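Tertiary structure, described
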Amino acid sequence: MTLLIGGCTGVPPSYATCRDGTCRVVVSEPGETIDVKNHRLKVIKYHSDGLFIQVDRSPVIIIPNGSTERVGSITITVISIHDAGNVIFDVK
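If you're wondering where the values come from, they're calculated on a predicted model, not measured in any experiment.

**Some words on the state of the cysteines**
As used in these notes, a disulfide is a covalent bond between sulfur atoms, one from each of two cysteines. One pass over the structure, following the stated rule, counts one disulfide. With its sulfur 1.9 Å from that of its partner, Cys18 forms a disulfide with Cys23. Residues Cys18 and Cys23 are joined through a disulfide that is right-handed, its torsion about the S-S bond being 105°. By relative accessible area, which is 1% here, Cys23 ends up buried.

This is how it looks when you write it as structure tokens:
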């Protein structure tokens, strides 16, 4: 499933809302792709230990829950991961 985000708004189940240069992203299912801040983010999978994500077709990186990683020109901070629910992360 691909969800294109124009600007900084979106529609559930996956969406991004942006304010002051930071976008809060909520993804409800692994495998979803979402465009945020002119970057294509693909959530490969997630579980309580971390978020497996690909940015603009880069190699997959793993970001532990509660951690921040720089990926190219953006920074991703994993806010929370729920095994049976969704993952929430910020993109700057």
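**Some words on the pattern of salt bridges**
Two side chains with opposite charge may pair up if their charged atoms get near one another. As enumerated under the stated definition, the model contains two salt bridges in all. The shortest N-O distance in the salt bridge between Asp90 and Arg24 comes to 2.4 Å. With Asp90 in strand β10 (residues 87–91) and Arg24 in strand β3 (residues 22–27), the pair connects residues that are 66 residues apart, well separated along the chain.

**A look at the packing of aromatic side chains**
Within the structure shown, the criterion is met by zero aromatic pairs. If you follow Lys45 out to its NZ or CZ, it ends over the ring of Phe52, 4.6 Å from the centre.

**Some remarks on the pairing of strand β7 (residues 61–64)**
In terms of strand pairing, strand β6 (residues 50–55) meets β7 through four bridges, oriented antiparallel. In the sheet register, Phe52 faces β7, and the bridge partner there is Ile62. The turn joining β6 and β7, which pair antiparallel and follow one another in sequence, is formed by five residues; a positive phi near 50° is taken by Asp56.

**Digging into unusual backbone geometry**
Residues other than glycine seldom take positive phi values, yet Lys37 does so here, at roughly 55°. Locating Lys37 in the fold gives a position in the loop between β4 (33–36) and β5 (39–47). At Asn38, a position not held by glycine, the phi torsion is positive, near 65°. Within the secondary structure, Asn38 sits in the loop between β4 and β5. Look at Asn38 and you get exposed, because its relative accessible area is 82%.

Calculation notes
Per-chain numbering applies: the sequence of each chain, read as written, is numbered from 1 onward. Restriction of local features to residues with pLDDT of at least 70 applies here, the model being predicted, together with a cutoff of 80 or more for giving and counting side-chain atom pairs; totals for whole chains, interfaces and linings are based on all residues. Remark: hydrogens and water are excluded; side-chain values derive from all non-hydrogen atoms of the structure. By definition, disulfides here are pairs of cysteine sulfur atoms that lie within 2.5 Å. Working definition: with a 1.4 Å probe on protein chains only, accessible area under 20% of the residue-type maximum means buried, over 50% means exposed, and in between means partly exposed. Any Lys or Arg side-chain nitrogen found within 4 Å of a carboxyl oxygen on Asp or Glu counts as a salt bridge. Going along the chain from the N terminus, every DSSP run of H or I of four or more residues is numbered as a helix, and every run of E of two or more is numbered as a strand. Between 30 and 60 degrees the pair is tilted, below 30 it is stacked and above 60 it is edge-to-face, where a pair is any two Phe, Tyr or Trp rings, Trp via its six-membered ring, whose centres lie within 6.5 Å. Only when the NZ of Lys or the CZ of Arg is both within 6 Å of the ring centre and within 35 degrees of the ring normal is a charge said to sit over the ring. Note on pairing: DSSP must find at least two bridges between two strands before they are called paired.

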